[in-house]
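In case you want the letters, here they are:
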Amino acid sequence: MSSQHYLVLHGPNLNLLGERVVNVYGHASLAQVNSLIQKTAIELGVGVQIVQSNHEGALIDAIHDARSWAAGIVINPGAYTHTSVALRDALIAVQLPAVEVHLSNIYNREQFRQVSMVAAACVGQIAGFGANGYCLALRALVHNKKAATQKDVPTS
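Position numbers for residues count from 1 along each chain, tracking the sequence in the order it is written. The predicted origin of the model limits local features to residues at a pLDDT of at least 70 and limits the giving and counting of side-chain atom pairs to 80 or more, whereas totals for whole chains, interfaces and linings rest on all residues. Only heavy atoms go into the side-chain values, all of them from the structure, while hydrogens and water stay out.

Enquirer: Mind showing me how you'd approach the state of the cysteines here?
Expert: Working definition: the covalent bond between the sulfur atoms of two cysteines is a disulfide. Any cysteine sulfur atom paired with another within 2.5 Å is treated as part of a disulfide. In the structure shown here, the tally under the stated rule is zero disulfides. You can see Cys 122 has no disulfide; the closest cysteine sulfur is in Cys 135, sitting 17 Å from it. Only protein chains enter the area calculation, which uses a 1.4 Å probe; residues under 20% of their type maximum are buried, those over 50% are exposed, and those in between are partly exposed. Assessed through its relative accessible area of 13%, Cys 122 is described here as buried. Its relative accessible area of 3% is what places Cys 135 among the buried residues.

Take a look at the structure:
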């Protein structure tokens with residue numbers, strides 16, 4: 001098993017992927033999205049722990065727990081994107097690099113969806129690429145971790 005592990009968080013209503021507003025969120029089920037994430041992790045040689053919850057406190061608990069074992073966090077906060085100062089504060093508190101993911105392009109939707117409370121607590125944001133956004137986010141975190149590690153190694 002890899003020494004690098006990442007937390008992948010799915011927020012509220014993402015358990016209904018493939019059933020709910022498929023013209024926006026796609027036909028892939030949460031199980032299919034998780035399988036895609038697992039395949040990407042294997043390809044990258046890292047481990048992932050995937051959590052979905054409809055409860056803000058459970059997401060916060062998972063973020064807090066990650067500080068003891070994770071190299072970074074991929075988070076799709078769902079509707080909490082637009083409302084949760086608590087998720088933002090949790091991400092800031094644990095000091096782990098995080099990438100915010102959205103299946104749809106939130107900037108091409110209703111005005112209220114164009115505001116992210118958690119974006120400022122993340123190193124980046126990926127929106128509009130469907131389930132592949134999770135894989136792009138994981139790749140970015142792994143790449144940045146490797147780049148930071150290589151920078152820390154003396155060259156002479």
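There's plenty left to go through after this.
Enquirer: Honestly, the nonpolar core in this entry has me stumped. Any pointers?
Expert: Taken as a class, soluble globular proteins show a tendency for nonpolar side chains to be buried jointly. Formed by 24 residues in total, the largest nonpolar core has its most connected members in Tyr 6, Leu 17, Val 48, Val 74, Tyr 134 and Leu 138. Elements with a minimum of two residues in this core: strand E1 (5–10), helix H2 (30–44), strand E4 (98–102) and helix H5 (132–152). Two residues form a contact once any of their heavy atoms are found within 4.5 Å. If sequence neighbours within four positions are ignored, Val 48 has contacts with Tyr 6, Val 8, Ile 37, Gln 38, Ala 41 and Leu 138. Among the nonpolar cores identified, the runner-up in size contains 21 residues, and Ala 70, Tyr 80, Leu 96 and Ala 98 belong to it. Nine residue types can take part in a nonpolar core, namely buried Ala, Val, Leu, Ile, Met, Phe, Trp, Tyr and Cys, and a core is a set of them joined through side-chain atoms within 4.5 Å. Secondary structure elements are taken from DSSP: a helix is a run of H or I of four residues or more, a strand is a run of E of two residues or more, and numbering for both begins at the N terminus.

Enquirer: Mind showing me how you'd approach the pairing of E4 here?
Expert: Every regular strand shows the same layout, with side chains that alternate between the two sheet faces. Of all the five residues making up E4, five are buried; the element is thus mostly covered by neighbouring parts of the structure. Of the two faces of E4, both are covered, the one formed by Ala 98, Glu 100 and His 102 as well as the one formed by Val 99 and Val 101. Only when DSSP finds a minimum of two bridges between them are two strands counted as paired. Note that strand E3 (residues 72–76) and E4 share three bridges and pair parallel. Opposite Ile 73, over in E4, you have Ala 98 as the bridge partner. As judged from the four bridges shared by E4 and strand E5 (residues 124–127), these two strands associate in the parallel manner. Counterpart to Val 99 in the pairing with E5 is Gly 124.

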